[in-house]
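# Results of the structural survey
Here are the chains, one letter per residue:
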Amino acid sequence: MPKLAVFSVQPHDKKFLELVRGEKHPSLEVTYHTFALNTETAILAADNEAVCVFVNDVLNADVLTALVGHGVRAVLLRCAGYNNVDLVAAEALGLFVANVPSYSPAAVAEFAVALIQTLNRKTHRAFNRVREGNFNLEGLLGFTIRGKTVGIVGTGKIGVAFAHIMRGFGCRLLAYDPYPAAELESFVEFMELEQVLGQSDIISLHCPLIESTWHIINEKTLSQMKKGAMLVNTSRGGLIDTNAVVASLKAQHLGGLALDVYEAEAAVFYGDHSGEIIHDDVLMRLLTFPNVIICGHQAFFTEEALEEISGTTLHNLEDFLQGQPCPNSLLKNGHLLVRRDSHPVRV
Ligand SMILES: NC(=O)c1ccc[n+]([C@@H]2O[C@H](COP(=O)([O-])OP(=O)(O)OC[C@H]3O[C@@H](n4cnc5c(N)ncnc54)[C@H](O)[C@@H]3O)[C@@H](O)[C@H]2O)c1
């Protein structure tokens, strides 16, 4: 009977994985762990054919080596991004690694728009204010999105979905991607990153976290942005140098910041720390700005996306166990896939 150890489990993960397991893979034995996979917890994967992990599990060379030593042969990512896996080490160790490349690009794109509209029109503040009987509009002034210039960094599946939504808003669309999406060329102007940053009122990041995109938003690129521009990141925290962003917000150059991801999120996201002292001073400083909104990596979090993630994850495992070609394998025939966007960040 094949065995799978699942890490970083939240109640919704178990619910959706169990639905698919019961229906399609009843012989699979699954152990659910609420804690993350790392060097200390890798031992708990012993005697499992595969581990299933999420965005903040650590799969560096040490952890992968330990997993192989415990008999693990496959790593199933129940997410699209794979920046937390040392694919070079996985290749050397002969591991199977697969992700869920496209579970719901629309879910993430729609969430980016939700963040933009919340930050712009301040509905989160209005909600609290009205509940206290305060109907004053002071401090709630926003801008009309129609006619504004929106910059998209990365025009893969999510960037494309985001472009279609913002087109509907009546925006001028600019984009930077070393491999521009052909389907956008009729209504999006592709140009160099510096030009996108210099002309956009709203900039949304949709590129993966790889070596060339780590801190793509830094002191220099922030200074290239228009004064008062809004920056949105629903991709990966490491795309932004958070200290540089704090400095830009303090200097009132960056006009607004909407984050669903944060570079040090692994220490706090997905847990309830409301009764604790949070020691991340940068995160806590960010939370004090009236023009910053932060969510805890939830852009993917829709019913449709969770169904797709669970189904594809267990299908990837089935392909591996049956020795069938898996379309979502990140290592083809045991070799690192040279994807157009792929130079994995060393973790
Ligand atoms: N917040 C969430 O819940 C959530 C959910 C899913 C995905 N994501 C993140 O969104 C990212 C994008 O997802 P996707 O499905 O659109 O990926 P994708 O692979 O379809 O597209 C990524 C695009 O980025 C481009 N790119 C590569 N290097 C670039 C660079 N230096 N500058 C600009 N563009 C560059 C690629 O050419 C590609 O077109 C994922 O890597 C993941 O990190 C976040």
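Residues numbered from 1 in each chain as written. Predicted model: local features only at pLDDT ≥ 70, side-chain atom pairs only at ≥ 80, totals over all residues. Heavy atoms only, no water.

Taking an unreviewed UniProt entry as the reference, the protein is identified by name as D-lactate dehydrogenase belonging to Trichodelitschia bisporula.

This brings us to the UniProt feature "domain: D-isomer specific 2-hydroxyacid dehydrogenase NAD-binding" (unreviewed entry) in the protein. Annotation from UniProt places "domain: D-isomer specific 2-hydroxyacid dehydrogenase NAD-binding" (unreviewed entry) at residues 114-299. Span residues 114-299 is 31% helix and 15% strand, its end C-alpha atoms 10 Å apart. (UniProt positions renumbered as here; feature names shortened; annotations may be inferred. Helix = DSSP H or I, 4+ residues; strand = E, 2+ residues; numbered from the N terminus.)

With that settled, consider the pattern of salt bridges. One pass over the structure, following the stated rule, counts 4 salt bridges. Here Asp13 ties to Arg78 by a salt bridge, and the two come within 3.5 Å at their closest N and O atoms. Note that Asp13 is positioned in helix α1 (residues 11-24) and Arg78 in the loop between β4 (74-77) and α3 (87-93), a separation of 65 residues in sequence. Since its relative accessible area comes to 10%, Asp13 is described here as buried. Overall, the relative accessible area of 3% leaves Arg78 in the buried class. (Salt bridge = Lys/Arg side-chain N within 4 Å of Asp/Glu carboxyl O. Buried < 20%, exposed > 50% of the residue type's maximum accessible area, 1.4 Å probe, protein only.)

On the secondary structure map, Ser310 appears in helix α11 (residues 303-322). Residue Ser310 is classed as buried on the basis of its relative accessible area, which comes to 4%. When sequence neighbours within four positions are dropped, the list of residues in contact with Ser310 reads Phe16, Leu17 and Val20. (Contact = heavy atoms within 4.5 Å.)

Here we take up the pairing of strand β10 (residues 230-233). Of the two faces of β10, both are covered, the one formed by Met230 and Val232 as well as the one formed by Leu231 and Asn233. The sheet contact formed by strand β9 (residues 202-205) and β10 spans 4 bridges and is parallel. Note on β10: the bridge partner recorded for Leu205 is Asn233. A crossover connection joins β9 to the parallel β10 through helix α8 (residues 219-224); in handedness this β-α-β unit is right-handed. Direction of pairing for β10 relative to strand β11 (residues 256-259): parallel, over a ladder of 4 bridges. Across the sheet, Leu231 pairs through a bridge with Leu257, a residue of β11. You can see the chain leave β10, run along helix α9 (residues 242-250) and come back into β11, and the turn it takes is right-handed. (Pairing = 2+ DSSP bridges. Right-handed = clockwise from strand over helix to strand, strands pointing away.)

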